[in-house]
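Observations on the three-dimensional arrangement
Single-letter residue listing:
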Amino acid sequence: MTSVPSARDDASLRLRRVAILVLEGAKPLDVGMPAQVFTTRASMPYEVRVCGAAPGLVTGGDGLAYHVAHGLDALAWADIVFVPGYRFPDHDEPPQAVVDALSAAHDRGARLAAISTGAFAIAATSLLDGRRATTHWHYTRALAEKHPLVRADENVLFVDEGSVLTSAGAASGIDLCLHILRGDLGVAASNHAARRLVAAPYRSGGQAQYVPRSVPELLGEQFAATREWALHRLDEPLVGGEDKVLQLPGDAVQSHLSQQLGFVGVTRERLMPSSGNRC
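In short, a report on the structure. (Residues numbered from 1 in each chain as written. Predicted model: local features only at pLDDT ≥ 70, side-chain atom pairs only at ≥ 80, totals over all residues. Heavy atoms only, no water.)

Description of the environment of Ala97
With respect to the helices, strands and loops of the structure, Ala97 is situated in helix H4 (residues 96-108). Sequence separation between Ala97 and Ala53 is 44 residues, and the spatial gap between their C-alpha atoms is 7.4 Å. (Helix = DSSP H or I, 4+ residues; strand = E, 2+ residues; numbered from the N terminus.)

What follows is the structure in structure tokens.
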């Protein structure tokens, strides 16, 4: 006798529904990332709909425009709604119809996920009040000023607050998408998608958005070989021939080397003058 699938079985077989809300000034990388990560394929049980405040042409940022087939009705259909970043979020308010549709989708049980400055649109719903959130580091202060109840954090790649998620700018949107995919389908599916995207399979959400001047700038070939040698031996004492400790000249040369090597913070703890002290 053939068994009849239960409602639970039907729910597990149903494609997960992803809506990508394209607002005026949308950034192409932010729009493309969730569209590519969750696009329907055998290994990805998702259905993606790209939508706008209304069907038709949406003027994007960076010289691009988008022709979207769906309006805000896609938010009522979706299990998760992505809001890509858009230009001038600190000046332009999202349309009230968009704010209302995001709130209604969340009330219905959909997750909301912002990439970069898309956090401003979600913040306009008050759903981020009292919660941690992030956005592109350039706009974190503006987010905090415009929405003071949001606990804005510029030092993370993404924040998962359960039903509301936010991410920093540009490439961190991939990290957020893979994080969501990992939670939905597991590590194997996330790693598979990362390989397809030629992306790192995992970067912690708590990782800093950027590290100022973590690698020295290229300053010509004057000390190129020395820089290459030193950068691979920062944890070793500097020695000369016959295992003698390398004696460096005084502060003037130390300062010159600091500038040439590109490290503002080179101090006596690493480079010692010739007073008999060891490095």
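Moving on from the coordinates now.
Observations regarding H4
In this model, H4 (13 residues) spans 18 Å end to end at C-alpha, consistent with the 18 Å of a helix rising 1.5 Å per residue. Along H4, the residues that are buried comprise Val98, Val99, Ala101, Leu102, Ser103, Ala105 and His106. Considering only its buried residues, H4 is in contact with strand E1 (16-21), helix H3 (73-77), strand E5 (80-83), strand E6 (111-115), helix H5 (118-123) and strand E10 (164-167). Phi turns positive one or two residues past the end of H4, at Gly109, with a value near 115°. (Expected span 1.5 Å × (residues − 1). Buried < 20%, exposed > 50% of the residue type's maximum accessible area, 1.4 Å probe, protein only. Contact = heavy atoms within 4.5 Å.)

Remarks on the pattern of salt bridges
A full pass over the atoms with the stated rule returns 4 salt bridges. Here Arg132 and Asp153 are joined by a salt bridge, their closest N and O atoms 3.1 Å apart. Residue Arg132 is located in strand E7 (residues 132-133), and its partner Asp153 is located in the loop between strand E8 (151-152) and strand E9 (158-160); the two are separated by 21 residues in the primary sequence. Judged by relative accessible area, which is 28%, Arg132 ranks as partly exposed. (Salt bridge = Lys/Arg side-chain N within 4 Å of Asp/Glu carboxyl O.)

Taken by themselves, the reported measurements are silent on function.
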